[in-house]
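Descriptive structure summary
Next come the chains, spelled out residue by residue.
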Protein chains: 2
Amino acid sequence: MPLDASLVEALAAVLGPRGLLTDPGDLAPYNVEERGLYQGAATVVARPDSTAACAEVVRLCAQAGVTLVPQGGNTGLCGGAVASAGQVILSTGRMNKVRWIDPDGYRMAVDAGCVLADLQRVAADVGCLFPLSLGAEGSCQIGGNLATNAGGVAVLRYGNTRDLCLGLEVVLPDGRIWDGMRALDKDNTGYALRQLFIGSEGTLGLITGAVLKLFPAPAATATALCAIDDLPRVSRLLGLCRSLTGDDVTAFELIPRFGMEIAVAHLDGVRDPLESPHPWYALVELSTSRPGADLAAVMEGLLERAFEEEVISDAAIAGSLDQRAGLWRLREGLPEAQKHVGGSIKHDVSVPVSKVPLFIERASAAVSAALPGIRPCPFGHVGDGNIHFNLTQPEGMDKAAYLDRWEEMNRLVHDIVADLGGSISAEHGVGRLKVGELHHYKSPLELELMARVKKAFDPQGVMNPGVVVD
Amino acid sequence: MPLDASLVEALAAVLGPRGLLTDPGDLAPYNVEERGLYQGAATVVARPDSTAACAEVVRLCAQAGVTLVPQGGNTGLCGGAVASAGQVILSTGRMNKVRWIDPDGYRMAVDAGCVLADLQRVAADVGCLFPLSLGAEGSCQIGGNLATNAGGVAVLRYGNTRDLCLGLEVVLPDGRIWDGMRALDKDNTGYALRQLFIGSEGTLGLITGAVLKLFPAPAATATALCAIDDLPRVSRLLGLCRSLTGDDVTAFELIPRFGMEIAVAHLDGVRDPLESPHPWYALVELSTSRPGADLAAVMEGLLERAFEEEVISDAAIAGSLDQRAGLWRLREGLPEAQKHVGGSIKHDVSVPVSKVPLFIERASAAVSAALPGIRPCPFGHVGDGNIHFNLTQPEGMDKAAYLDRWEEMNRLVHDIVADLGGSISAEHGVGRLKVGELHHYKSPLELELMARVKKAFDPQGVMNPGVVVD
């Protein structure tokens, strides 16, 4: 169903020529979807450059009975920003100003459309750290990070996006603006509305601005790749890291041998820094803002102790920034490396940290029993219990035939996740992709409460219908 | 209006003789209110000992059209647990078991009625820290801490109660049980229901259980009292503390000269550790779980630098556990010391950290202009922007006449708080006491959203009516 011409005219009047895209060539990047699982069909993209203009777009669409899909950097992995022909995409890309920054108070206020990497730089320029860090940081926008409560590699130390946000500005589904741009550590004056908008994937309102926490910039960093014989030892290493470093562990990432092999084989400039092969690796990073801290010594002491206790069997400490970058390229290149060895069925799951070994063992056994030759590549942020349980196809199998078994594999893996009290979407959110899975695994009571919240905030169903709640 | 006898009978049948109090003598402690601002009049206190029994109490009351007041340790400061004659108090005191503790995974699951100090001990017994710490910790219950999102002295380093909670179990206003007892760092599967219940002061449901975060226990602590000439220097000291210690600052508490004087004069065993008087003091505590960390040296280096930069004019480092306890007694005894010098009009407010000096200056000037001789005693957790802006009466003034000016002083102080983007209730919540102030300062839009949330969760208005939302 094409959009009503009078709505398009009204939007054009509000947004001006740069603010409204209707040319198919211009629309293309807004209609692609990161993993190719969906094909958008929007014919209109609104690109307001102010909160007031955002509000006007929402108001006009609500009035016309047209639904909206908020879109930030369009890097989401669950189809939460995909629009159909009858919908309007509201892109926040032109809302990209830092409103203020207060390095002494460790705060900044920003527009929703600021690119994450830009915010990291803005913070670094005043001697601070904005710790949110994830693969898409060069193009994802902070509004999308907030809407999906993005995770990333620094959650163990700094928390999820939710934990980095003190205030929000939100355009509600009727076009009114909620000014919750507080910069307070403590504010117990009623219901936690901010928390409700964070992670709601644009279904309760459009985030247009945020007040974010900053931290003292790290003065020292130490990075090492540890070789580990089995999964229980991975957990023991994490415990040692936390207790021996004063909680200076910033990252604790798991890499399986299979991941190392495909990364070395297919990624430029990635090499195995250790002499012999090992079943598992943990990429451990410590950092501190303590001036004069000798983190290299702390890391050496930690690894020595881990070696003595037979928790690790070998380790390589990054001796330079280049070596550190090399270790991170190995870790962050895993999804790309997997593309070189066939189809991949993916799971973004979490379990309680101490159950990570059990989960990986059970899930690997289950999928291998169902499809002999399947190659599990469980990697990721195991320091916070989040495993990207990705499954590479058996060698020689037809890729399409393999990918046809996506739902079967999902069910096997998610059943084990549920049994261990875990989450079927640890950091990527629900989007359209996992609404069905949510209905399968959430209690009817929780789904009912979510539906009541949706109805309380968006009774007309204007904002991102079909996402998160059905 | 007395309670219907058939409801009381039904409750008795569910709860047994120990589970239902109706004797006036037994009821007394449930009807007192911490500050004496309210007098409860409940004739029935239900004391269920299981989640199922809690659910049955809620269901029976909802069915009978009788409203409920959840009560934990009854230490709240805003009248949120005060019941009238027609209401039933649901006391969680018999729900006091630790369900499980996982020191390696840094988690524990507990009943809502566990006393905070008991949980601190349980964590310490397995080498961990549960960092929530506040004046009432010897009797307040974790369910109440969660319901009010309690703050306390360790927020700067560990966050509010909200930040320490991973999962909740809640009895909904219709008696159904929501099992959200997750132990996950990452879980992006829908709306943040847990966050909504936290801080809602028992108005959306009854918290019956929680999964809490633990941390490595501190291996070293260093505590000092710093003398400071003016408020801007207090802020500069905080900045130095954060940047020079690797964010190991656990507490940063402000004490004014007037507070020191009344504490020394009226509290047993409190003395001024510094030779000459100073306008302001900051109680600074560093702690770390890093084994072998020489925090004394870090503290000395920090104070040396602060002295060189003329940020502090003197300091006393606690050289023993006794001296440390003495410094904390000074800080924590301030509310008690104030009772010795007349009536006190209190404000639990916060402003952005960097605006603390401006707030204290403006607010002190405003109240002094309105009532010459008034003695401001601003103290508290300024490291997180939270000032207990307490005002002692002018010497010689009639106490009742002074306390009659409570609302006038509130208005003066809260207007300045609002002007600086602050909160009129930083950590104590809204209760019944601040509902009016909330209506004065919150936007109508925010009040409307809160009312919609209340209606979505508790359409019949069963849970704690008159608290938070009107």
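Residues numbered from 1 in each chain as written. Chains lettered and ligands numbered in written order. Predicted model: local features only at pLDDT ≥ 70, side-chain atom pairs only at ≥ 80, totals over all residues. Heavy atoms only, no water.

If you check an unreviewed UniProt entry, chain A appears there as D-2-hydroxyacid dehydrogenase from Pararhodospirillum oryzae. According to UniProt, the comment filed for chain A under the heading Cofactor (unreviewed entry) is "FAD". Turning to chain A, the UniProt record has this under Sequence similarities (unreviewed entry): "Belongs to the FAD-binding oxidoreductase/transferase type 4 family." (UniProt positions renumbered as here; feature names shortened; annotations may be inferred.)

**Looking at the relation of the copies chain A and chain B**
Each copy of the sequence occupies a distinct position, and chain A is placed on chain B by a rotation of 180° and an axial shift of 0.0 Å, giving an RMSD of 0.0 Å. When the rotation and shift are considered jointly, the pair of chain copies conforms to a two-fold rotation axis. Of the residues that chain A buries at the interface, 100% are likewise interface residues in chain B, meaning the two copies contact each other through the same surface. (Least-squares fit on C-alpha atoms with pLDDT ≥ 70 in both. Contact = heavy atoms within 4.5 Å.)

**Quick notes on the UniProt feature "domain: FAD-binding PCMH-type" (unreviewed entry) in chain A**
UniProt's entry tags residues 37–217 of chain A with the feature "domain: FAD-binding PCMH-type" (unreviewed entry), counted in the numbering of this structure. Annotated as residues 37–217 of chain A, this span is 22% helix and 24% strand, and its ends, taken at the C-alpha atoms, are 39 Å apart. (Helix = DSSP H or I, 4+ residues; strand = E, 2+ residues; numbered from the N terminus.)

**A closer look at the environment of B:Ile142**
Residues and elements named next belong to chain B. Topologically, Ile142 is positioned in helix α5 (residues 142–147). Linking Ile142 and Thr161, residues 19 residues apart in sequence, is a C-alpha distance of 8.9 Å. Discounting residues that sit within four places of it in the chain, Ile142 has contacts with Val110, Asp111, Ala112, Cys114, Leu119, Phe130, Leu132 and Leu212.

**Focus: the interface of chain A and chain B**
Counting residues at the interface gives 83 residues for chain A and 84 residues for chain B. The contact between chain A and chain B buries some 6,500 Å² in all, and 55% of this surface belongs to carbon and sulfur atoms. If you sort the residues of chain A by the area they bury against chain B, A:Lys186, A:Asn188 and A:Tyr191 come out on top, with a joint share of 16%. Applying the counting criterion to the chain A and chain B interface returns eight salt bridges. The salt bridge partner of B:Glu448 is A:Arg176, with a shortest N-O separation of 2.7 Å. (Buried area = accessible area lost by both parts, 1.4 Å probe. Salt bridge = Lys/Arg side-chain N within 4 Å of Asp/Glu carboxyl O.)

**Brief notes about the nonpolar core**
A:Phe130, A:Leu237, A:Phe359, B:Phe130, B:Leu237 and B:Phe359 are the most contacted members of the largest nonpolar core, which totals 194 residues. Once residues within four sequence positions are removed from consideration, A:Leu237 is found in contact with A:Cys226, A:Ile228, A:Phe252, A:Ala282, A:Val284, A:Ala306, A:Val311 and A:Ile312. Ranked by size, the runner-up nonpolar core spans 25 residues in total, among them B:Leu7, B:Val44, B:Ala62 and B:Val171. (Core = buried A, V, L, I, M, F, W, Y, C linked by side-chain atoms within 4.5 Å. Buried < 20%, exposed > 50% of the residue type's maximum accessible area, 1.4 Å probe, protein only.)

**Some words on the pattern of salt bridges**
Scanning the entire structure with this criterion turns up 52 salt bridges over all chains. Among the ionic pairs, A:Asp248 bridges to A:Arg290, the shortest N-O distance being 3.3 Å. Here A:Arg290 lies in the loop between β14 (280–288) and α10 (295–308) and A:Asp248 lies in the loop between α8 (231–244) and β13 (249–256), a separation of 42 residues in the sequence. Of the two residues, A:Asp248 and A:Arg290, neither departs from the other in class, the shared state being buried. B:Arg176 serves as the salt-bridge partner of B:Asp174, at 3.0 Å between the closest nitrogen and oxygen. Residue class for B:Asp174 comes out partly exposed when judged on its relative accessible area of 34%. When its relative accessible area of 30% is taken as the criterion, B:Arg176 is described as partly exposed. One connected set of salt bridges, linked through shared partners, spans A:Asp174, A:Arg176, B:Glu448 and B:Arg452.

**Focus on the domain arrangement of chain A**
Residues and elements named next belong to chain A. By the assigned domains, chain A splits into domain 1 (5–91), domain 2 (98–216), domain 3 (220–335) and domain 4 (342–427). The interface is formed by 12 residues belonging to domain 1 together with 15 residues belonging to domain 2. Interface area, domain 1 with domain 2, both sides summed: about 1,000 Å², of which 69% is carbon and sulfur. Our count for the contact surface shared by domain 1 and domain 2 stands at zero salt bridges. If you look at where domain 1 meets domain 2, you find three residue pairs in polar contact (both at pLDDT 80 or more). (Domains from an automatic or database assignment. Polar contact = N/O pair within 3.5 Å; in protein donor to acceptor, adjacent residues only side chain to side chain.)

**Quick look at unusual backbone geometry**
In this structure, A:Asn149 is a non-glycine residue whose phi angle is positive, near 50°. Locating A:Asn149 in the fold gives a position in the loop between α5 (142–147) and α6 (155–158). Of note, B:Asp247 is a non-glycine position whose phi angle comes to about 60°, a positive value. Within the secondary structure layout, B:Asp247 lies in the loop between α8 (231–244) and β13 (249–256). For B:Asp247, a relative accessible area of 13% puts it in the buried group.

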